[in-house]
Amino acid sequence: MDFVLSGAAACGACLFTNPLEVVKTRMQLQGELKSRGSYQVYYRNVFHAFYTIGKVDGLAGLQKGLAPGLVYQFFMNGVRLGSYAIIESSGYIHTNGRVNAVKTTIAGAVAGVVGAVMGSPIYLVKTHLQSQSMSSIAVGHQYKHQGMIHALAAIYREHGILGLWRGSSAAVPRVSVGSAAQLSTFSSSKELVIDLQVFSKDSWLVALTAGMISSVVVVLAMTPFDVVSTRLYNQPVDHLGKGQLYEGFADCFSKTLRKEGMMGLYKGLGASYFRLGPHTILSLFFWDELRKLYQQFR
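1. A few points about the environment of Ile 155
At step 1: Here Ile 155 lies in helix 5 (residues 148–163).
At step 2: A relative accessible area of 6% places Ile 155 in the buried class.
At step 3: C-alpha of Ile 155 to C-alpha of Leu 124: the two residues are 31 residues apart in sequence and 9.9 Å apart in space.
At step 4: For Ile 155, the residues in contact, after removing those within four places along its chain, are Leu 124, Val 125, His 128, His 145, Gly 160, Gly 163 and Leu 164.

What follows is the structure, encoded as structure tokens:
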């Protein structure tokens, strides 16, 4: 049941944050491997990107990739948060009745790796669909998928089963770092808010506050990995399925750093926070509240 509740919580958050995921993806691909000032800027900031995508691609363009987004959130976060909930209920993350920072970080990372590997094919398709746009504002490589099922079938037909897991070398560090940061800070923040007695122990504001604290840490820790992940997933490939821009995670990281500087790894930081921030807050809040409801009605 932990897996279903976790997946449902993540899907609830995804409905609200998917437009921000589209904006984030476009901003991370903009000016790929080009030095500052040498490329045309279609998206100046988060708000301008919203306006531009809505104007050129239409309002539906802001919900591109929603279907794979929901599937990905249900399965990846269902497995990730569900695994963490089981580890938490077993008592592993506590030492002498208190949350242990090292143990929560390890548990979060392990849960994240499992979820990332399972959800990688859907994330691949989601990235392709969200980067697709009208040619006048196109950034990154443009695939011509007609939807989630069409994309999965086309990739499998052309590159086989391994082709569906292309880019997973970036997904594992991305989600494990993000998951470790998110779940460890969420558990510690909840404990801190309860200790400070700002709100009553059972108040929904405890989970909401902890989620807000956690979201800041997640964005700062995860954005460089997120940029690399987006680019690896979206890069063009040859007939053998080999990437034409990057050989893997380390190659993409070093090329981005060399060509675009440190800020290249933090491209779309504002969009990342506007997307990851609310998503972290909402998913952790929904997850905590759904678990409490389930315990009440068992």
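2. Details of the nonpolar core
At step 1: Grouped together as the largest cluster of nonpolar side chains are 15 residues, with contacts concentrated most on Tyr 72, Val 125, Ile 155, Val 175 and Tyr 233.
At step 2: For this core, the secondary structure elements donating two or more residues are helix 3 (66–89), helix 4 (101–131), helix 5 and helix 6 (168–196).
At step 3: At six residues, helix 4 tops the list of elements feeding residues into this core.
At step 4: Once residues within four sequence positions are removed from consideration, Val 175 is found in contact with Tyr 72, Met 76, Arg 80, Gly 112, Ala 116 and Ala 180.
At step 5: If you look at the next biggest cluster of nonpolar residues, it comprises 14 residues, including Leu 81, Ile 93, Leu 183 and Ala 207.

3. Description of the pattern of salt bridges
At step 1: In total, this model carries 13 salt bridges according to the counting rule given.
At step 2: Linking Arg 98 and Glu 191 is a salt bridge whose minimum nitrogen-to-oxygen distance equals 3.5 Å. Placement of Arg 98 in strand 2 (residues 98–99) and of Glu 191 in helix 6 is noted, with a sequence separation of 93 residues between them.
At step 3: Look at Glu 191 and you get buried, because its relative accessible area is 18%.
At step 4: Salt-bridge contacts for Lys 190 lead to Asp 288; the nearest nitrogen and oxygen are separated by 2.9 Å.

4. Examining the side chain of His 48
At step 1: Looking at where His 48 falls in the secondary structure, it is placed in helix 2 (residues 46–56).
At step 2: At 3.1 Å, the side chain of His 48 forms a polar contact with the backbone nitrogen of Arg 44.
At step 3: Setting aside residues no more than four positions away along its own chain, His 48 makes contact with Tyr 42 and Tyr 43.

5. A look at the environment of Ala 154
At step 1: With respect to the helices and strands, the residue Ala 154 is situated in helix 5.
At step 2: Note on Ala 154: relative accessible area 17%, which makes it buried.
At step 3: The spatial distance from the C-alpha of Ala 154 to the C-alpha of Leu 164 is 9.9 Å, given a sequence separation of 10 residues.

6. Points about the side chain of Ser 184
At step 1: Position of Ser 184 among the secondary structure elements: in helix 6.
At step 2: Excluding anything up to four places from it in sequence, Ser 184 contacts Ala 101, Thr 104, Thr 105 and Ser 179.

Cut-offs and rules
Per chain, residue numbering runs from 1 following the sequence as it is written. Local features in a predicted model are, by the rule used here, given only for residues with pLDDT of at least 70; side-chain atom pairs are given and counted only at 80 or more, and totals for whole chains, interfaces and linings are based on all residues. In computing side-chain values, all of the structure's heavy atoms are included and hydrogens and water are not. Runs of H or I in DSSP of at least four residues are treated as helices and runs of E of at least two as strands, each being numbered from the N terminus. Working definition: with a 1.4 Å probe on protein chains only, accessible area under 20% of the residue-type maximum means buried, over 50% means exposed, and in between means partly exposed. Residue contacts are counted whenever heavy atoms from the two residues lie within 4.5 Å of one another. Throughout this description, the term nonpolar core refers to a set of buried Ala, Val, Leu, Ile, Met, Phe, Trp, Tyr and Cys residues connected via side-chain atoms within 4.5 Å. Salt bridges, as used here, are contacts in which a Lys or Arg side-chain nitrogen is within 4 Å of a carboxyl oxygen on Asp or Glu. Pairs of N or O atoms within 3.5 Å make up the polar contacts considered here, provided that, within protein, one atom can donate a hydrogen while the other can accept it, and that residues adjacent in sequence are counted only when both atoms are side-chain atoms.

These results come straight from atomic positions and should not be treated as a statement about function.
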